[in-house]
Protein chains: 2
Amino acid sequence: MSTEMIPHWLDKRAFLSPHETAIVFDGNTYSFQDIQQKARTLSSQLHAFGVQDGDHVAIYFKNSVEMVYLVHALTYLGAVGVLLNTRLTDKEVSFQVSDAECSHVVHDGDIPNIQDIPSTTKLISFNELSKLEPEPCSFYTELPQDKPYTILYTSGTTGSPKGVVLTYGNHWWSAVSSALNLGLTENDKWLAALPLFHVGGLSILMKSVIYGMPVYLLSSFDKERVHNAIMNEGVTMVSVVSVILNRLLDRLGEERYPEAFRCMLLGGGPAPKPLLEKAKAKEIPVFQTYGMTETSSQIVTLSPGDALKKLGSAGKALFPAQLSIQHEDREAGANEVGEITVKGPMVTEGYFKRPETNEETIKDGWLATGDLGYVDEEGFLYVVDRRKDLIISGGENIYPAEIESMLSGIDGVIEAGVIGKESSEWGEVPVAFIVGDRKADLNQDLVVKYCREKLAKYKVPKEIHFVDHLPRNASNKILRRELVHWLKQRRHME
Amino acid sequence: MSTEMIPHWLDKRAFLSPHETAIVFDGNTYSFQDIQQKARTLSSQLHAFGVQDGDHVAIYFKNSVEMVYLVHALTYLGAVGVLLNTRLTDKEVSFQVSDAECSHVVHDGDIPNIQDIPSTTKLISFNELSKLEPEPCSFYTELPQDKPYTILYTSGTTGSPKGVVLTYGNHWWSAVSSALNLGLTENDKWLAALPLFHVGGLSILMKSVIYGMPVYLLSSFDKERVHNAIMNEGVTMVSVVSVILNRLLDRLGEERYPEAFRCMLLGGGPAPKPLLEKAKAKEIPVFQTYGMTETSSQIVTLSPGDALKKLGSAGKALFPAQLSIQHEDREAGANEVGEITVKGPMVTEGYFKRPETNEETIKDGWLATGDLGYVDEEGFLYVVDRRKDLIISGGENIYPAEIESMLSGIDGVIEAGVIGKESSEWGEVPVAFIVGDRKADLNQDLVVKYCREKLAKYKVPKEIHFVDHLPRNASNKILRRELVHWLKQRRHME
């Protein structure tokens, strides 16, 4: 029997566990049957709106149960969802709608002013869509593994936005891999506070139907609501990024999470060590992960047994995935930094309409991630930084993340961002932006003194800028590119 | 990225969790790294013995850790394992070795007198093999999903033995499907008392490396040792067939299994209802399943939530599998009996060298199982019997399993087998063989009276034969074919 097809996952799940909870949102509970029925009706309405098999449908939604219906509705028609980031500017949204060749745009009522898109692109709000007379059409009853399902634009911390095409198979294997790694129990309930338009949020929806697991969905990250969900609502797994984890730890204070809470899945870039130590002190089961849109979410995760002895590592590649560090066209040795490359059934086959980039970055199924890292003697991955953010100073490699992690260990430092600045003497020198606690008595001398004790001289930031906040994208990753602009606009500190 | 390849599963597992327990056997504990090293060495020794990629290697072993090494060693070379049933006669073994075109036979020292096989077939004992100088060769580092891995002959309760070809993908998906259905926890430990030469046992080995789960391996079923493993050795899952479960229940008596014991996976044919009720009374989490060699083990399982309200059902098809009941070339309605057909990535692509049978039984990926069953309004499968064992009496269908199940509810009846006997009046009539407790005062009148109260008249056995045991195959399935021979040899009872 062919392994190319999987049964329609929502239909299958609604058949297996019709009355079990799929989504908890805004005080309401929705069963898998509820979601299935809404999604099926909606797909007939999408069909009435003109959506055909293979069409690209832009989805402009903040997290909501309607967005869940819509994401699943596409599967019945074989349409491809282009999930738009609602924090983008009008111009950025317009670019993505055009670039992804969307024939239709469905929004939640709060649509930006999209310009410069083909006049044939049809827009509709969810409200209008759900009033259309459903038009009967044939539904997919099996999902071909190699059929594109979603296009998500990369967050764009570097380079220009590109649409990552993910197939049903990519999403399926991502969910299966995660279960093989994290396990799967009857009591699991996953909290989704990350935007569903990012793969970190979207992947939770896929897990929900594939595992038969309830998702506790929030419209956006809210410290109190997340805290409450863990403490009182039976949530056992949460996906977070560093800045969110930090806020949750502060909120937790001297309390402890319930025994049943079993996984804080931490992604979105290298985590500062002080943060991990803080979490460890509060007995929080943090699973560091490494992943990206191109890998349908996590592809490397630190498993429970190794979490404490390998603090700072992102772990090992998930079961059906592979990892290799490439240095000057050869596999790097243990502890040797190189480019992280990954392979596996959850890895994208490419970016939409970017044949050259695809040829450059994906070879024999191996994706060159553009990230730098190394594996230790036992094969544990340590992500050091984005390759494009690497600072080269007097021939020495400086990884901004390393300095940021160190800076965030200073009392009173909330977060830090480090970039390179041109230097006639050294080529580049590191420069730091720091967000400090207002109550803390931070100053440049103190910071520099701290750095000199901890870092090689060439790594010590040559400028310290105290700021109110750092520029972050919708995934809460620091936009170092933006810091470069900030630097140009600033008068240098003495 | 292609979904055709999976990393070499033993290498991957030994990398992910080198020091965790893979196998507990005969008082010894073997880690994944232990198994990997032994399997790798053994594969180089197999290579020295002349085994090449694609060769068919017969394996004649009783359960042992050496058998585990061997099963995994084949994967490095790409050789196909033909797992021989050690309970077969010399003639049957010879047939399978010839039919499967085995170039090599590896045995555990206790090999039968194989005749009528090609003179080129090379035999070796494990002992001799493990003394050979390992010959370096290139190892598979990825396992192609569509590459054959094992050939297992069907247990042969009906028809002539045929070799079921199972690929790496079949075994992989079987393990994944089971995890999606039964869940996966850190504490899982699976007991294998079934022979590894059957798919029910073999599949546990695959789960072990894919999940990173310890297997408690027994050389054969032993009531005391299984009981002890559950009570005292942390075993949480056990695969059983009805007759084994029955013995375990008797052994358990008034005791109860520990809280952590979470799954008694019951396969190997329709289960008698009285047995299920007995298990229920003892609070044992029995998961009824339906599966066969052709489906790489379970493909339909009753999930925990439904176990009590659907007693007697085998459940619903596992996540990536599909089920359809076919009656006269159409899909049967709810509660209508027809042939069970299944589809999914764990279903074989066919029998070795049986193109006609393959064409007959596998259509568009749907395997016609030869079993009869129905699904209720909610889609739960009830297996009624083997199609070939169906008794037709005066135009009425009689399912032997139904009568057997009823008979086993009589006080003092240990087990029962029912077959059809030619009748000039009715075409066929049902005839029963009963194994009774020696202490019980069973007789024909009592049994017939009981049957008349419970069964339609045409279903009441027209003859009752009291016997010491029933003929069973190596999987403990009743060999009704053999009962037909017994009947011919017996003088009928009055």
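Treat the numbers as computed from the prediction; the structure is a model and nothing was measured. One numbering rule holds for all chains: residues counted from 1, following each sequence as written. As a convention, the first chain written is A and the first ligand written is 1, with the rest following in written order. Totals for whole chains, interfaces and linings use all residues, but because this is a predicted model, local features are given only for residues with pLDDT of at least 70 and pairs of side-chain atoms are given and counted only at 80 or more. In computing side-chain properties, one takes all heavy atoms of the structure into account and sets aside hydrogens as well as water.

Caption draft 1: Seen up close, the sheet that holds strand β17 (residues 316–317) of chain A. Residues and elements named next belong to chain A. Here a strand pair is declared whenever DSSP counts at least two bridges between the two strands. Starting at the N terminus, helices and strands are each numbered in turn, a helix being any DSSP run of H or I of at least four residues and a strand any DSSP run of E of at least two. Strand order in the open sheet formed by nine strands is β3-β2-β12-β11-β13-β14-β15-β16-β17, with mixed pairing between adjacent strands. Unpaired on one side and paired on the other, β3 (28–31) and β17 mark the two borders of the sheet. Inspection of the sheet shows strand β2 (residues 21–25) paired to strand β12 (residues 215–217) by three bridges, in the parallel sense. Residue I23 lies in a different strand from β12, and its bridge partner there is V215. On the sheet, helix α9 (residues 242–252) packs against β13 (237–241), β14 (263–267) and β15 (286–292) and is oriented at approximately 115° with respect to β13. What makes two residues a contact is simply this: any of their non-hydrogen atoms within 4.5 Å. Lines fitted to C-alpha atoms define the axes, with helix axes restricted to the stretch in contact, and inter-axis angles between N-to-C directions lie between 0 and 180 degrees.

Caption draft 2: Representation of the sheet that holds strand β10 (residues 163–167) of chain A within the structure. All names here are of chain A. Reading across the sheet, the seven strands line up as β7-β6-β4-β5-β9-β10-β21 and stay open at both edges, with mixed pairing between neighbours. Every other strand in the sheet has two partners, leaving β7 (122–125) and β21 (350–351) as the edge strands with one partner each. Relative to strand β9 (residues 148–153), strand β5 (residues 80–83) runs parallel, the two being bridged by three bridges. When the bridges of β9 are listed, G81 appears paired with T150. Lying on the sheet, helix α4 (residues 90–99) is in contact with β4 (56–60), β6 (104–107) and β9; it crosses β9 at an angle near 150°. Where helix α7 (residues 199–211) meets the sheet, it contacts β5, β9 and β10, and its direction lies at approximately 155° from that of β9.

Caption draft 3: Geometry of the interface of chain B and chain A. Listed per partner, the contact involves 43 residues of chain B and 43 residues of chain A. By definition, the buried area sums, over both parts, the 1.4 Å-probe accessible area that each loses when the two are put together. Each partner contributes to the roughly 3700 Å² buried at the junction of chain B and chain A, and carbon and sulfur atoms together form 63% of this total. By salt bridge we mean one thing: a side-chain nitrogen of Lys or Arg within 4 Å of a carboxyl oxygen of Asp or Glu. Seen at the junction of chain B and chain A, the total is two salt bridges. Close ionic contact of K343(B) with E142(A) constitutes a salt bridge, the shortest N to O distance being 2.8 Å. Contacts described as polar in this section are N or O atom pairs within 3.5 Å, which, within protein, must combine one atom able to donate a hydrogen with one able to accept it, while residues neighboring in sequence count only if both atoms come from side chains. If you look at where chain B meets chain A, you find 15 residue pairs in polar contact (both at pLDDT 80 or more). Elements supplying a minimum of two residues to the side of chain B that touches chain A: β1 (5–7), α1 (9–16), α6 (168–182), α7 (199–211) and β17 (316–317) of chain B. Note on residue classes: Ala, Val, Leu, Ile, Met, Phe, Trp, Tyr, Cys and Pro are nonpolar, Asp, Glu, Lys and Arg are charged, and everything else, Gly too, is polar. Class assignment for the residues of the side of chain B that touches chain A results in 24 nonpolar, ten polar and nine charged.

Caption draft 4: Examining the nonpolar core more closely. Within this scheme, the nonpolar core is defined by two criteria: the residues are buried Ala, Val, Leu, Ile, Met, Phe, Trp, Tyr or Cys, and they are joined through side-chain atoms within 4.5 Å. Partly exposed residues are those whose accessible area sits between 20% and 50% of the maximum for their type, while under 20% is buried and over 50% is exposed, using a 1.4 Å probe and protein chains only. Core analysis: the largest hydrophobic core is formed by 175 residues, its most contacted members being W9(A), I23(A), W172(A), W9(B), I23(B), W172(B) and L381(B). In this structure W172(B) touches W173(A), L180(A), F319(A), P320(A), I6(B), W9(B), Q145(B) and I210(B), once residues within four positions along its chain are discounted. With 31 residues, the next largest nonpolar core counts V240(B), L245(B), A271(B) and V286(B) among its residues.

Caption draft 5: A negative patch on the surface, seen in detail. Together, E4(A), D146(A), E349(A), E4(B), D146(B) and E349(B) give the surface a local cluster of negative charge. Checked against the element boundaries, D146(B) lands in the loop between β8 (142–144) and β9 (148–153). Judged by relative accessible area, D146(B) falls into the exposed class, the value being 52%. Any residue with relative accessible area above 30% and no salt bridge may belong to a patch, with like charges joined within 9 Å and the nonpolar Val, Leu, Ile, Met, Phe, Trp and Tyr side chains within 5 Å. Surface accessibility follows the Shrake-Rupley procedure with a 1.4 Å probe radius. Residue values consider only the protein chains on display as shielding. Neither His nor the chain ends contribute to the count of charged residues, in which Lys and Arg are positive and Asp and Glu negative. One atom stands in for each charge, and that atom is NZ of Lys, CZ of Arg, CG of Asp or CD of Glu.

Caption draft 6: Local environment of the pattern of salt bridges. All names here are of chain B. For the coordinates displayed, the defined rule picks out 41 salt bridges over all chains. With its nearest N and O atoms 2.8 Å apart, the salt bridge here joins K147 to D53. You can see K147 sitting in the loop between β8 and β9 and its partner D53 sitting in the loop between α2 (32–48) and β4 (56–60), a full 94 residues away along the chain. By relative accessible area, K147 is classed as buried at 14%. A relative accessible area of 44% places D53 in the partly exposed class.

Caption draft 7: A look at the domain arrangement of chain A. All names here are of chain A. Reported domain spans reflect what an automatic or database domain assignment gives. Along its sequence, chain A is carved into domain 1 (5–144), domain 2 (170–387) and domain 3 (390–493). One C-alpha centre belongs to domain 1, the other to domain 2, and the line joining them spans 26 Å. Contact residues are listed per partner, giving 30 residues for domain 1 and 27 residues for domain 2. Across the interface of domain 1 and domain 2, roughly 2300 Å² is buried in total on both sides, 64% from carbon and sulfur atoms. If you sort the residues of domain 1 by the area they bury against domain 2, W9, V24 and N63 come out on top, with a joint share of 27%. Linking domain 1 to domain 2 there are two salt bridges. Here D99 makes a salt bridge to R354, at a shortest N to O gap of 3.2 Å. Taken together, the connections running from domain 1 to domain 2 amount to eleven residue pairs in polar contact (both at pLDDT 80 or more). Elements with a contribution of two residues or more to the side of domain 1 that touches domain 2: α1 (9–16), β2, α3 (65–77) and α4. When the residues that make up the side of domain 1 that touches domain 2 are grouped by side-chain class, the tally is 17 nonpolar, eight polar and five charged.

Caption draft 8: Structural detail: the relation of the copies chain B and chain A. When chain B is fitted onto chain A, the two copies agree to an RMSD of 0.0 Å after a turn of 180° and an axial shift of 0.0 Å. Such a combination of turn and shift is consistent with a two-fold rotation axis. Among all C-alpha atoms of chain B, that of L184(B) lies closest to the rotation axis, at 2.4 Å. When you check the interface residues of chain B against chain A, 100% turn up at the interface there too, and the contact is symmetric in its surfaces. A least-squares superposition brings the copies together, and it is based on the C-alpha atoms of residues with pLDDT no lower than 70 in both.

Caption draft 9: The arrangement of α7(B) in detail. Residues and elements named next belong to chain B. Helix span, as expected, comes to 1.5 Å for every residue beyond the first. Relative to the 18 Å expected for 13 residues at 1.5 Å per residue, α7 spans 17 Å between its end C-alpha atoms, a close match to the ideal helical length. Here α7 lies mainly inside the structure; twelve of its 13 residues are buried. Looking at α7, one finds that the buried residues are V199, G201, L202, S203, I204, L205, M206, K207, S208, V209, I210 and Y211. G212 sits one or two positions beyond α7 and adopts a positive phi of about 75°.

Caption draft 10: How the structure looks around the pairing of strand β28 (residues 427–436) of chain B. Residue and element names in this part refer to chain B. Across the ten residues of β28, seven count as buried, placing the element largely inside the fold. Bridge count for strand β27 (residues 413–423) against β28 is ten bridges, and the pairing is antiparallel. Along β28, the bridge assignment pairs V418 with A432. Between the antiparallel neighbours β27 and β28 lie three residues. Here β28 pairs with strand β29 (residues 463–467) via five bridges, running parallel. From the neighbouring strand, V435 faces β29, where its bridge partner is V467. As a crossover connection, the stretch from β28 through helix α13 (residues 444–454) into β29 is right-handed. Seen with the strands pointing away from the viewer, any crossover whose path from the first strand over the helix to the second strand runs clockwise is right-handed.

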